[in-house]
Amino acid sequence: MATTLFDKLWAAHMITALTTGEDLLAIDRVFLHERTGAAALTSLESAGRRPIAPQRVFCTMDHIVSNAPGRGLNDARSPTGGAFIKATRNAAHEAGVHLIDVVDKRQGIVHVIAPELGVALPGLSLICPDSHTCSLGALGALAWGVGSSDAEHAIATGALRVAKPKQMRLEVKGALAADVTAKDVALHLISKFGADGAGRHAVEFCGSAIEAMSLEARLTLCNMAVEFSAFTAVIAPDDKVFEAIEGTPFAPTANDWTHSLNDWRALKSDADAVFDAEVILNGADIRPSVSWGTSPEQAVPCDGLVPNLADIPELRRDLAERAMAYMDIKPGQPLNALQIDGAFIGSCTNGRLTDLRAAAAQLKDRRIASGVKAVCVPGSNAVKRAAECEGLDKIFIAAGFDWGEPGCAMCFYAGGDTFAPGDRVISSTNRNFEGRQGPGVRTHLASPATVAASAVAGRIVPAVSRTDVPEAI
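Residues numbered from 1 in each chain as written. Predicted model: local features only at pLDDT ≥ 70, side-chain atom pairs only at ≥ 80, totals over all residues. Heavy atoms only, no water.

> What is the right way to read the side chain of His-13 from this model?
Within the secondary structure, His-13 is located in helix α1 (residues 5-13). Judged by its relative accessible area of 5%, His-13 is buried. Only 3.3 Å separates the side chain of His-13 from the backbone nitrogen of Ser-125, close enough to count as a polar contact. Contact partners of His-13, with chain neighbours within four places excluded, come to Leu-24, Leu-25, Ala-26, Asp-28, Gly-123, Leu-124, Ser-125 and Leu-142. (Helix = DSSP H or I, 4+ residues; strand = E, 2+ residues; numbered from the N terminus. Buried < 20%, exposed > 50% of the residue type's maximum accessible area, 1.4 Å probe, protein only. Polar contact = N/O pair within 3.5 Å; in protein donor to acceptor, adjacent residues only side chain to side chain. Contact = heavy atoms within 4.5 Å.)

What follows is the structure in structure tokens.
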């Protein structure tokens, strides 16, 4: 019987079918962070239980850790965040799990460092108390976000009850234009089919445009799948994936690597596999995009107009009106007329090295517009080191950007430093609901290149072609 990639991943981890209609799945690795990690570990300790396999549990400091240069071990973005950091550190030590602490050279955002370290690998199952864990499906892993109680259960037992979702094949045919990024593909997809378009299906991205993407671009695309209401996303692993993870600290070595590689090459859907839903996009139809409202589905090309209410489906019209009021925009208004007050580049969506290169190409020998507060935060210490070796940090700083220490930073408001109420911000992050980046902050989602170009222009504009700047600066 023909099977999909997701079927193969599921079957490889299925322990038994339960009478509830759920399946009991083996969980290979659990990744925690300081915002909720302590809750799972301390609850486990209070119940008198220990991790069944502590070597398979990882914990990093990323969500509320300070991004200020020279940060200390307990410095946080939120007023009470230091307590979370200390509690998580203590709980991780007590449980004997892998702790990647604030000053660890491996530190960074969960979904950025998991591939860097080989914690996420093709064929593995991985959970984390974070909805963007679906990013890791870009490696051919079975990865999804859970709550703290499910994380606790998996740490204690090595297994989790899960109802198998339906499946969707999402093919992107043809080639993308040179100025179109994975973030643009995601915004185009969600704006076309809605933020609920995946309907909790497991989505497999495929097609020539996907095959042409770098692993980092695929991670961005899978990251945004949860904004499409997917259970998770997967992409069949290929040589780009294998080359990226070979030699990483937690990847197989020697003969184990050879055997694993043979297994991983089989991780793909059979040619005649049947999906519950099919979506096809033409790569040539996708353009650099930016959101206008308070959901990724409210997006148009960067040179487009805020839509007229009559052109919005009736069921979504009330939400659109509310979004326009919050964002202080009007139907028919050109987006490139909107002045911005802030710009943010980073996050698990777009905080990797290729993202920073693309932004730096827009900033080289330029300055951001007067009155714009601009911040760049690399997704990990490894990304930060590599960027600084290439001199990207100097380009950002010379252009007027703040250069921060790795972490989630301004992706979400944690009670500390942020943009001012009423500020219009263009951001490379994944969510833009009311107050996401701070009370009253109005967030437009875009690719890093678009964010950088807009910071220079002082208004929303697409990235410009710069023949004077090499691809790798």
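The structure having been displayed, the exposition proceeds.
> Explain the packing of aromatic side chains here, please?
Each pair of aromatic rings is reported with the distance of its centres and the angle of its planes. This structure, assessed with the given rule, holds 8 aromatic pairs. An angle of 45 degrees between the planes, with centres 5.8 Å apart, marks the rings of Phe-31 and Phe-58 as tilted. Within this pair, whereas Phe-31 is found in strand β3 (residues 29-33), its partner Phe-58 is found in strand β4 (residues 57-60), the two being separated by 27 residues in sequence. One exposure class covers both Phe-31 and Phe-58, and it is buried. (Phe/Tyr/Trp six-rings, centres within 6.5 Å; stacked < 30°, edge-to-face > 60°.)

> Would you explain the packing of helix α13 (residues 353-363) against helix α15 (residues 392-399) in this entry?
The packing of two helices is summarised by the inter-axis angle and the distance between the axes. Following both chains from N to C, one finds α13 and α15 inclined at 45 degrees, their axes separated by 9 Å at the closest point. It follows from the interaxial angle that α13 and α15 lie oblique. Judged by the sense of rotation from one axis to the other, the crossing of α13 with α15 is left-handed. Residues Leu-353, Leu-356, Arg-357, Ala-359, Ala-360 and Leu-363 of α13 touch α15, and the partners they reach there are Leu-392, Ile-395, Phe-396 and Ala-399. Looking at the contact of α13 with α15 residue by residue, the class counts come to 9 nonpolar, no polar and 1 charged. (Axes fitted to C-alpha atoms, helices over the stretch in contact; angles between N-to-C directions. Parallel < 35°, antiparallel > 145°, perpendicular 65-115°, else oblique. Left-handed = near helix turned anticlockwise from the far one by under 90°. Nonpolar A, V, L, I, M, F, W, Y, C, P; charged D, E, K, R; others polar.)

> Explain the sheet that holds strand β15 (residues 342-345) here, please?
Backbone hydrogen bonds hold the strands of a sheet together, and the pairing may be parallel or antiparallel. Reading across from one edge, β17-β16-β15-β18-β19 is the order of the 5 strands in this open sheet, with parallel pairing throughout. One side of each edge strand has no neighbouring strand; the edge strands of this open sheet are β17 (402-403) and β19 (442-445). When strand β16 (residues 373-376) meets β17, the two strands line up parallel, connected through 2 bridges. Bridge pairing links Val-375 to Asp-402 in β17. (Pairing = 2+ DSSP bridges.)

> Before we go on, may I ask you to explain the pattern of salt bridges in this structure?
Side-chain pairs of opposite charge can arise where the charged atoms are in close proximity. Counted according to the given criterion, the structure contains 18 salt bridges. When the shortest N-O distance is used, the salt bridge between Glu-390 and Arg-357 registers 2.6 Å. A residue pair is termed long-range when its members are at least 10 positions apart, and Glu-390 in the loop between α14 (381-389) and α15 and Arg-357 in helix α13 qualify at 33 residues. The exposure class of Glu-390 is partly exposed, given its relative accessible area of 24%. Across the salt bridge formed by Lys-384 and Glu-405, the nearest N and O atoms sit 3.8 Å from each other. Of this pair, Lys-384 sits in helix α14 while Glu-405 is found in the loop between β17 and β18 (424-427), placing the two residues 21 residues apart along the sequence. Owing to a relative accessible area of 12%, Lys-384 belongs among the buried residues under this scheme. The exposure class of Glu-405 is buried, given its relative accessible area of 17%. The structure contains a network of salt bridges with shared partners spanning Asp-196, Glu-297 and Arg-316. (Salt bridge = Lys/Arg side-chain N within 4 Å of Asp/Glu carboxyl O.)

> What am I meant to see in helix α3 (residues 81-95) here?
Because each turn of an α-helix spans 3.6 residues, side chains separated by three or four positions end up pointing in the same direction. Spanning 15 residues, α3 covers 21 Å between terminal C-alpha atoms, matching the ideal 21 Å at 1.5 Å per step. Along α3, the residues that are buried comprise Gly-81, Gly-82, Ile-85, Thr-88, Arg-89, Ala-91, Ala-92 and Ala-95. Two residues or fewer past α3, Gly-96 is found with a positive phi of approximately 75 degrees. (Expected span 1.5 Å × (residues − 1).)

> Looking at this structure, how should I read the sheet that holds β3?
One open sheet holds the 5 strands; their spatial order is β5-β4-β3-β6-β7, and the pairing between them is parallel. Each edge of the sheet is formed by a strand with only one pairing partner; in this case those strands are β5 (98-100) and β7 (142-145). Along the sheet, successive strands turn relative to each other by an average axial angle of 20 degrees, direction set aside.

> Would you mind going over the environment of Leu-356 with me for this structure?
Mapping Leu-356 onto the fold places it in helix α13. By relative accessible area, Leu-356 is classed as buried at 0%. Along the sequence, Leu-356 and Pro-448 sit 92 residues apart, while their C-alpha atoms lie 7.2 Å from each other. With residues up to four places along the chain from it excluded, the contact list for Leu-356 reads Ile-345, Cys-376, Pro-378, Val-383, Ala-387, Leu-392, Phe-396 and Trp-403.

In short, geometric facts, not functional conclusions.
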